[in-house]
Amino acid sequence: MPAESPLLRRTLFALLVAAIATLLLVLLLRALLPGGISALEWAILACIGLTTPWAALSAANALVGLVILLRAPDPAAAVLPALARARPGPPQSITALLVCLRNEPMEAVLPPLTTLLQGLDQHAAADRFRLWLLSDTQDPEAVAAEDAAIRPFLAAHPTARYRRRAENTGYKAGNVMDALDHHLTDETFFLTLDADSVMTPAAVLRLVAVMEADPKLGIVQQLIVGRPATAAFPRLFQFGMRAGMRAWATGQAWWQMDAGPYWGHNAILRVAPFRDHAKLEPLPDGSRILSHDMVESVRLQSAGWAVRCLPAEEGSLEANPPALPEFLRRDERWGAGNMQYVHLFRVPGMTWLGRLQLAQAILLFLGAPLYVLALVLAAANGLTGGGAGTPMGMLALAILAHGLCYFAPKLAGYAQVLLQPRLAETYGGRAAFARGALAELVFMQLFEPLSNLNKAMFLALLPFGARPGWLPQNRTDRGVTWGDATRMLWAHTVIGLLLTAAFASLSWSALALALPVTAGLILAVPLCVFTADPRLSGWLRARGIAATPEELAQGAPAIRAKAPAPRRGDGAFPVPASH
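Here is a short report on the structure shown in this document. Only a predicted model underlies this, so the values are computations on that prediction, with no experimental measurement involved. (Residues numbered from 1 in each chain as written. Predicted model: local features only at pLDDT ≥ 70, side-chain atom pairs only at ≥ 80, totals over all residues. Heavy atoms only, no water.)

## Quick look at the overall build of the protein chain
Check the secondary structure of the protein chain and you find 23 helices and ten strands. Against the globule reference of 25 Å for 579 residues, the protein chain gives a C-alpha radius of gyration of 24 Å, in line with a compact fold. Dimensions of the protein chain, computed from C-alpha atoms along their principal axes, come out at roughly 75 × 55 × 55 Å. Among the 579 residues that make up the protein chain, the fraction classed as buried is 54%. Of the roughly 24,100 Å² of accessible surface on the protein chain, a fraction of 66% belongs to carbon and sulfur atoms. (Helix = DSSP H or I, 4+ residues; strand = E, 2+ residues; numbered from the N terminus. Rg over C-alpha atoms; globule rule 2.2 N^0.38 Å. Buried < 20%, exposed > 50% of the residue type's maximum accessible area, 1.4 Å probe, protein only. Areas by Shrake-Rupley, 256 points an atom, 1.4 Å probe, with all protein chains shown as cover.)

Dropping the structure here:
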């Protein structure tokens, strides 16, 4: 395998991003320049200009990722060289399995852990792993239920340990660091799992083998896909997210190399450097960092440790929010955490790429209010007589190009599956996959504008004290009543109606350009209700729409028998037949 050249790769990638961004801005300028640019149009240009780096970055990651996924014989090893050197078999090092809990339904948490421990035992590797259940549960009733559920689990697994903190200082990051400081002894690595994480023994052993193969690695973050979902909302959302993350993570890993991401779980970390460099102090205002994972990654990079991504899906899963309300609340929590990064740019010792990663995390959420503001300004511009000379065809082309770049990772992931029959077969064939992709694209066209508006509204209130908190998460499927959905989303609906009316008063062409965005706002309440409705969820499941390989493998042994053996780069190191 040829040696990696960080300077060459990052220079080429930067040129690609710059070329895409230039093209997007040129198209927008060609739409706005005829007849002159008004003050409102300059403001629109500024908003879209600030979002263009993110759109260009998305497109560039997608293009690079798609080329690797289609051309490389081992895509994962192409961006993680240690994978090719990883030694099969039981590991030499001891690894702690850290599971963070807080008011969790233990009947959902413990069975996957039992399966994992039994699988490691079958691989003659049980003595190389130590499971820790790290609880931050505070509610007395929840504590009692947790204790009652864990007691028989500990009796069945004598090497497992359970620790509950009296105070959850530092949230999850503090929970993990407390375990490292006070409980871990001779462990070389630790693997972080959330309460909804599921990892197979093969995936865990592969991560340990990769760490053992490269002593410079501080973190290896595996790609995470959604667990088979019964509710319509997570089913559709994670079908597209999976495709997008596969292309995005592969492309990003190619140019980031040793400066990769950490997402807080389904990752393996080296104990000593993490303990030494990743303790998170309170922010200047005394608050704790909420989105701790990227900060911890940047800290290790600054100390000279490599952080890498393993863009392989198999064996690494999580549960996504079961309905729209839970998703929006999670987004708000993540947004508040990412906005805290503005306080960290002047921290001494941080690398330029570390600062870029924090900026990228901020842009992920800051783009939402910019898109919303651009839409409002466009309506105001039209209502005040602006835009009369705007060529609508050129404007439509500029909007389409920006949208294609924004969604490029997902489209690249879909293209990969359709171009690779072996991969498509794991989804039940190309036709079945195409039905799922079409359903997800319709869903996302309605959902994405709603999500952006909600983020914009929350971020607008954040400087005035709005706080999502770090509350226990609902992970259970549930319906949403019309009353609850209306109380939550009435403002989004009103904004959508007002914007639609404004564009409709200008021209049919203005309305046609606006509707793909405003329709999701107008339909916010029914979208929330129907995607949580058991009847729609059952209808999708019965027809296999947006089914994932894991769901098909669980429910249809014939499909599993037809599926080809995955390549090593597809996450097949090692793959026992029973898992």
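Moving on, there is more to tell.
## With respect to the pattern of salt bridges
Using the criterion set out here, one finds 20 salt bridges in the structure. Here Glu281 and Arg299 are joined by a salt bridge, their closest N and O atoms 2.9 Å apart. One end of the pair, Glu281, is in the loop between α10 (271–277) and α11 (292–302); the other, Arg299, is in helix α11, with 18 residues separating them in the sequence. Of the residues examined, Arg299 reaches a relative accessible area of 23% and is grouped as partly exposed. In the salt-bridge network here, residues are joined through shared partners; they are Arg242, Arg246, Glu313 and Glu550. (Salt bridge = Lys/Arg side-chain N within 4 Å of Asp/Glu carboxyl O.)

## Some thoughts on the packing of helix α12 (residues 324–339) against helix α17 (residues 430–461)
Orientation of α12 relative to α17, taken along the N-to-C sense of each, is 50°, at an axis distance of 10 Å. Classified by the angle between their axes, α12 and α17 sit oblique to one another. Seen along the crossing, α12 lies across α17 with a hand that is right-handed. In contact with Leu324, Phe327, Leu328, Arg329, Asp331, Glu332, Gly335, Ala336 and Met339 of α12, α17 contributes Phe447, Leu450, Ser451, Asn454, Lys455, Phe458 and Leu459. (Axes fitted to C-alpha atoms, helices over the stretch in contact; angles between N-to-C directions. Parallel < 35°, antiparallel > 145°, perpendicular 65-115°, else oblique. Left-handed = near helix turned anticlockwise from the far one by under 90°. Contact = heavy atoms within 4.5 Å.)

## Description of helix α14 (residues 392–406)
Here α14 contains 15 residues, and its C-alpha end-to-end distance of 21 Å stays within 8% of the 21 Å for a straight helix at 1.5 Å per residue. Those residues of α14 not exposed but buried are Met394, Leu395, Ala398, Ala401, His402 and Cys405. Down the axis of α14, the smallest arc covering the buried residues is 125°, so these residues share one side. For α14, the exposed residues set more than 90 degrees away from the buried face come down to Gly393 and Leu400. Buried positions along α14 lie against α1 (6–32), α2 (39–71), α13 (352–383), α15 (408–419) and α19 (508–522). (Expected span 1.5 Å × (residues − 1). Arc of directions from axis to C-beta.)

## Observations regarding a nonpolar patch on the surface
A surface patch of nonpolar side chains, about 410 Å² in accessible area, is lined by Leu397, Leu400, Leu404, Leu411 and Leu441. Looking at which element gives the most residues to the nonpolar patch, the answer is α14, with three residues. Tracing the sequence through the fold places Leu411 in helix α15. Taking the relative accessible area as the measure of exposure, Leu411 reaches 33% and is therefore partly exposed. (Patch = residues over 30% accessible without salt bridge, like charges linked within 9 Å, V, L, I, M, F, W, Y side chains within 5 Å.)

## Re the sheet that holds strand β5 (residues 198–199)
Strand order in the open sheet formed by three strands is β5-β10-β7, with mixed pairing between adjacent strands. Here the strands that pair on one side only, and so sit at the sheet edges, are β5 and β7 (225–226). As paired elements, β7 and strand β10 (residues 316–318) share two bridges and run parallel to each other. Across the sheet, the residue bridging to Gly226 is Glu318, located in β10. (Pairing = 2+ DSSP bridges.)

## With respect to the sheet that holds strand β9 (residues 306–310)
Spatially, β3-β2-β1-β4-β8-β6-β9 is the arrangement adopted by the seven strands of the open sheet, whose pairing is mixed. Each edge of the open sheet carries a strand with a single partner, namely β3 (161–164) and β9. Recorded for the sheet is a direction-independent mean angle of 20° between the axes of neighbouring strands. When strand β1 (residues 95–101) meets strand β2 (residues 129–135), the two strands line up parallel, connected through seven bridges. By the bridge assignment for β2, Cys100 is matched with Leu134.

## With respect to the side chain of Gln238
Mapping Gln238 onto the fold places it in helix α9 (residues 232–256). Of note is the side chain of Gln238, whose polar atom sits 2.8 Å from the side chain of Asn320. Here Gln238 is in contact with Gly226, Arg227, Pro228, Ala229 and Asn320, once residues within four sequence places are set aside. (Polar contact = N/O pair within 3.5 Å; in protein donor to acceptor, adjacent residues only side chain to side chain.)

## Topic: the pairing of β1
Both faces of the sheet carry side chains from a regular strand, because those side chains alternate between them. In terms of burial, β1 is a largely internal element, seven of the seven residues being buried. Residue alternation in β1 divides its side chains into two sets, Thr95, Leu97, Val99 and Leu101 and Ala96, Leu98 and Cys100, and both sets are buried. For the crossover from β1 across helix α5 (residues 106–122) to β2, the handedness is right-handed. (Right-handed = clockwise from strand over helix to strand, strands pointing away.)

## A word on α5
When the terminal C-alpha atoms of α5 are compared, their 24 Å separation across 17 residues agrees well with the 24 Å that a helix rising 1.5 Å per residue should span. Looking only at α5, the buried set comprises Met106, Val109, Leu110, Pro112, Leu113, Leu116, Leu117, Gly119 and Leu120. As for α5, its buried residues are in contact with β1, β2, α6 (140–156), β4 (189–193), β5 and α8 (201–213). Backbone geometry just downstream of α5 places Ala124 in the positive-phi region, at approximately 55°.

## Some thoughts on the nonpolar core
Leu97, Leu113 and Val220 are the most contacted members of the largest nonpolar core, which has 42 residues in total. Counting residues per element, this core draws most heavily on α8, which supplies eight residues. Residue contacts for Leu113: discarding those within four places in its chain leaves Val99, Leu131, Leu133, Phe153 and Leu193. Counting residues in hydrophobic clusters, the runner-up holds 41 residues, among them Phe233, Leu236, Phe239 and Leu450. (Core = buried A, V, L, I, M, F, W, Y, C linked by side-chain atoms within 4.5 Å.)

## Examining unusual backbone geometry
One non-glycine residue, Asn103, lies in the positive phi region at around 55°. Position of Asn103 among the secondary structure elements: in the loop between β1 and α5. For Ala546, which is not glycine, the phi torsion reads 65° and is therefore positive. Judged by its relative accessible area of 2%, Ala546 is buried.

## Things to note about the side chain of His292
Among the structural elements, His292 can be located in helix α11. Side-chain polar atoms of His292 contact the side chain of Glu296, separated by 3.0 Å. Setting aside its immediate chain neighbours within four residues, His292 contacts Lys172, Ala173, Gly264 and Leu280.

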